[in-house]
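Here is what each chain is made of, one letter per residue.
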Amino acid sequence: MTTGQTDRAHPQHPEHLAHPNHPNHPDHPARTVDAVLRLRRDATLEEVPGQAGAAATGAWLLSAPAGAVALPDTTPGLLAVLTALAADDHAEDRLAPLVTAHDGEFGLLRLHMLLHKLDAAGMTERAVRLDGEPIARLRQVGRGRLALPAAPAADALVKLSRFATATAEGGLLVVRAPGSPLALELSPASAGLLGVLADWNSPAGAAELSGLPDPAVSQVLRLCAAGGLLVTGGPEHDPETGERRLAQWSAADLALHSRTRGPRTVTGYGGTYPLGERFGPEPASREPFPGRRIALAVPDLDARAKSEASLSEVLERRRSIREHDADAPITLEQLGELLYRSMRLRQTFTGGDGQELADRPYPSGGSVHELEVYPLITECVGAEPGLWHYAPDRHELELVAEPGPATAALVESARGSALMDSAPQVTLLVAARFGRVMWKYETVAYSLVLKHVGVLYQTFYLVGTAMGLAVCGLGGGDADEFAAASGLDRHSEGAVGELVVGSRPRTLRHSAGVPRGEEQS
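Residues numbered from 1 in each chain as written. Predicted model: local features only at pLDDT ≥ 70, side-chain atom pairs only at ≥ 80, totals over all residues. Heavy atoms only, no water.

Enquirer: What exactly am I supposed to notice about the overall build of the chain here?
Expert: Helix and strand content of the chain: 16 helices and 24 strands. Computed over C-alpha atoms, the radius of gyration of the chain comes to 31 Å, more than 25% over the 24 Å expected from 2.2 N^0.38 for 521 residues, which places it beyond the range of a compact globule. Overall, the chain is about 90 × 65 × 50 Å in size when its C-alpha atoms are taken along their principal axes. Looking at the chain residue by residue over its 521 residues, the buried ones come to 48%. Across the chain, every contact between residues at least 6 apart in sequence was considered, and the portion connecting residues at least 24 apart equals 70%. Accessible area of the chain: about 24100 Å², with a carbon and sulfur share of 52%. (Helix = DSSP H or I, 4+ residues; strand = E, 2+ residues; numbered from the N terminus. Rg over C-alpha atoms; globule rule 2.2 N^0.38 Å. Buried < 20%, exposed > 50% of the residue type's maximum accessible area, 1.4 Å probe, protein only. Contact = heavy atoms within 4.5 Å. Areas by Shrake-Rupley, 256 points an atom, 1.4 Å probe, with all protein chains shown as cover.)

Enquirer: What am I meant to see in the environment of A432 here?
Expert: Along the chain, A432 turns up in strand β21 (residues 426–433). Accessibility expressed as a relative area gives 0% for A432, which makes it buried. In the structure, A432 is positioned 63 residues away from A495 in sequence and 6.4 Å away in space, judged by C-alpha atoms. Residues within four places of A432 in sequence aside, it is in contact with E370, L371, V449, S492, E493, G494 and V496.

Enquirer: Is there a simple way to explain the sheet that holds strand β4 (residues 58–64) in this structure?
Expert: Here we have three strands laid out as an open sheet, ordered β3-β4-β5, and antiparallel in their pairing. Each edge of the open sheet is held by one strand with a lone partner, namely β3 (44–47) and β5 (67–74). Neighbour to neighbour, the strand axes of the sheet diverge by 20° on average, direction disregarded. Where β3 lies against β4, four bridges are found, and the strand directions are antiparallel. Bridge pairing in β4 links E46 to L61. Sheet contacts for helix α1 (residues 76–87): β3, β4 and β5; angle to β5, the most-contacted strand, approximately 145°. Helix α3 (residues 107–120) contacts β4 and β5 of the sheet and is inclined by roughly 170° relative to β5. (Pairing = 2+ DSSP bridges. Axes fitted to C-alpha atoms, helices over the stretch in contact; angles between N-to-C directions.)

Enquirer: What exactly am I supposed to notice about the packing of aromatic side chains here?
Expert: Each aromatic ring pair is specified by the distance between its two centres and by the angle formed by the two planes. Counted by the stated rule, this structure contains four aromatic pairs. With a centroid separation of 5.9 Å and 85° between ring planes, the pair formed by F289 and Y374 is classed as edge-to-face. Of this pair, F289 sits in the loop between β14 (270–271) and β15 (293–295) while Y374 sits in strand β18 (residues 371–377), and the two are 85 residues apart along the sequence. What makes F289 buried here is its relative accessible area of 10%. The interplanar angle of 75° and the centroid separation of 5.2 Å between the aromatic rings of Y374 and F482 together place this pair among those described as edge-to-face. In this pair, Y374 is assigned in strand β18 and F482 in helix α16 (residues 479–486), connecting sequence segments 108 residues apart. For Y374, a relative accessible area of 0% corresponds to the buried category. Taking the ring centre of W200 as reference, the NZ or CZ of K159 above it sits at 5.5 Å. (Phe/Tyr/Trp six-rings, centres within 6.5 Å; stacked < 30°, edge-to-face > 60°. Lys NZ or Arg CZ within 6 Å of the ring centre and 35° of its normal.)

Enquirer: Quick question: what am I supposed to make of the sheet that holds strand β23 (residues 469–473) here?
Expert: Backbone hydrogen bonds are what pair the strands of a sheet, in a parallel or an antiparallel way. The antiparallel open sheet is built from seven strands, whose spatial order is β15-β20-β19-β18-β21-β24-β23. Two strands lie at the open edges of the sheet, namely β15 and β23, each paired on one side alone. Ignoring strand direction, the axes of neighbouring strands in this sheet form an average angle of 30°. One ladder, built from eight bridges, connects β21 with strand β24 (residues 493–503); its direction is antiparallel. Counterpart to L428 in the pairing with β24 is L499.

Enquirer: Honestly, the pattern of salt bridges in this entry has me stumped. Any pointers?
Expert: Two side chains bearing opposite charge may form a pair once their charged atoms approach each other closely. Evaluation of the coordinates by the stated rule reveals 29 salt bridges. The salt bridge involving R40 is made with D42; its shortest N-O contact spans 2.7 Å. The salt bridge partner of E337 is R341, with a shortest N-O separation of 2.9 Å. Of the two residues, E337 and R341 both sit in helix α12 (residues 332–343), four residues apart, roughly one turn of that helix. (Salt bridge = Lys/Arg side-chain N within 4 Å of Asp/Glu carboxyl O.)

Enquirer: Help me understand helix α6 (residues 214–226) in this model?
Expert: An α-helical turn contains 3.6 residues, so a residue and the one three or four places further along point in the same direction. Here α6 spans 19 Å end to end across 13 residues, near enough to the 18 Å set by a 1.5 Å rise per residue. Counting buried positions along α6 gives 11 out of 13 residues, so the element sits mostly inside the fold. Taken together, the buried positions of α6 are occupied by D214, P215, A216, V217, Q219, V220, L221, R222, L223, C224 and A226. (Expected span 1.5 Å × (residues − 1).)

Enquirer: Explanation requested: the pairing of β24 in the structure shown.
Expert: By the criterion of burial, β24 is predominantly enclosed, with 11 of the 11 residues buried. In the sheet, β23 pairs with β24 via five bridges, with the strands oriented antiparallel. By the bridge assignment for β24, L469 is matched with S503.

Enquirer: Is there a simple way to explain the nonpolar core in this structure?
Expert: Formed by 43 residues in total, the largest nonpolar core has its most connected members in L335, L371, L397, L428 and F460. If one sorts the elements of this core by residue count, helix α15 (residues 445–467) sits on top with 10 residues. If we ignore the near neighbours within four places in the chain, the residues touching L397 are R292, R293, I294, L296, L332, L335, L339, P375, I377, W388, H389 and Y390. (Core = buried A, V, L, I, M, F, W, Y, C linked by side-chain atoms within 4.5 Å.)

Enquirer: I keep staring at the side chain of R176 and nothing clicks. Help me out?
Expert: Topologically, R176 is positioned in strand β11 (residues 172–176). One buried charged side chain, R176, makes no salt bridge at all; its nearest oppositely charged neighbour is E169, positioned 7.7 Å away. Here the side chain of R176 touches S180 through a polar contact of 2.7 Å, landing on its backbone oxygen. In this structure the side chain of R176 is engaged in a polar contact, spanning 2.6 Å, whose partner is the backbone oxygen of T265. With sequence-adjacent residues up to four places away left out, R176 is seen in contact with V141, F163, A164, T165, P181, L182, A183, L229, R259 and T265. (Lys, Arg positive; Asp, Glu negative; His and termini not counted. Polar contact = N/O pair within 3.5 Å; in protein donor to acceptor, adjacent residues only side chain to side chain.)

Enquirer: Honestly, the confidence of the model for the chain in this entry has me stumped. Any pointers?
Expert: Close inspection of predicted coordinates is inappropriate for parts of the model with low pLDDT. Of all residues in the chain, 91% attain a pLDDT of 70 or more, and the chain-wide mean is 90. Predicted confidence is poor over residues 5–17, with pLDDT under 50, and the contacts of this stretch with residues over four places away or in other chains come to 33 contacts. Note that pLDDT drops below 50 for residues 514–521; the model gives that stretch 12 contacts with residues more than four away or on any other chain. (pLDDT = per-residue confidence, 0-100.)

This is the structure in structure tokens:
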């Protein structure tokens, strides 16, 4: 570990000598660079009652949100080290006197073993101080080992990973790599190093461009490498673009995938109620829209069960149909039946956390059922064109917006996405009331919404197929266009899915989605 280094110019890099004000110029006043560590700030050290061993040792427990580490044989010297690390940063070689003052020279091996155990359990933070002030800190945000590699060679080419993401938190720039349980905090004094690392550079070159001393850059790069933020190679040997397994990922997709697949890389995961102390839960049903309403007929499900094809037959017949019968458009009765059978509110009940939960025909994590459906009607017998909302608790359509430029943009987007020659008869716009999910779930909330969209798609597909309708799920839409047409705040209730639905033609002109060898009619 580098401790108390003072920076001096590298004779191999005469460019550092260009100006006496440069921190690496030999005439520039020496600055102190320290590599330090401490216990993670969310850790708690407690003595375990009744677990004492020999007279000189005791049992302690180090706990953090990600887990706990038992320390059954903690000597007075090791306890002094733990107490010091819980309070502040310390250079590793300056911990030795704390141990030897209590345990003698034999305590140094125990100190080495303790630090190794704490790093392996993810209980430490590592930082770099410049003239006594921290400029970079590698901290735990999940569950994983903190292992510091060797600093890159002065002439090695390195750059920031293209998967790295940076956010502003508490006056610091926090940088993370997907899949890593570590986060790198950069102070304003070192944040400019990220811009330098946007392209290939050597540590010495990065020091010159960033204005930081060579030893400081070297130590910060160690933290970057430990956090998975650093790529080594060069323009012709970039593993993140040259290897298919990495080239196929975008930064946003890999970050979402890594964060939502388990608690290893995050502090809070699952039903942690991150907003529970600040806000109350949202009700199961949204407030009604003030526009006119259309009461929908309730279908006879018993009669349908006796006359319709079996589930196996429906599954085999299901396909995406991008054509509608212009001579016999979908009717209001058919649209109402599709909505009733797919997503009506069957009942509500109160969970143990006080949240009003719901029961609908399709599954929803935690029974939160945050999805709403907005039928955008272009042509439907019995209903006027416009943007409507389906009220699943009342089985009604309520008008949200009359036809206009904003709704026309949504129709055209759906037509283009579905590759249709004419406007779809009905576009089902699926929106999420995000607060229903995010009040309870942390980290996985948005991925849970997308899972719900998937099961709702399949429910619409199966019910629509059984009814003889043409259904086609779309791969994307425009959340801003929906916000403009509906007047809803996109952060409170935003579009997350779209389907087109209409009457099915007797003969299909396009074979897309029709299994080979099967008649199109």
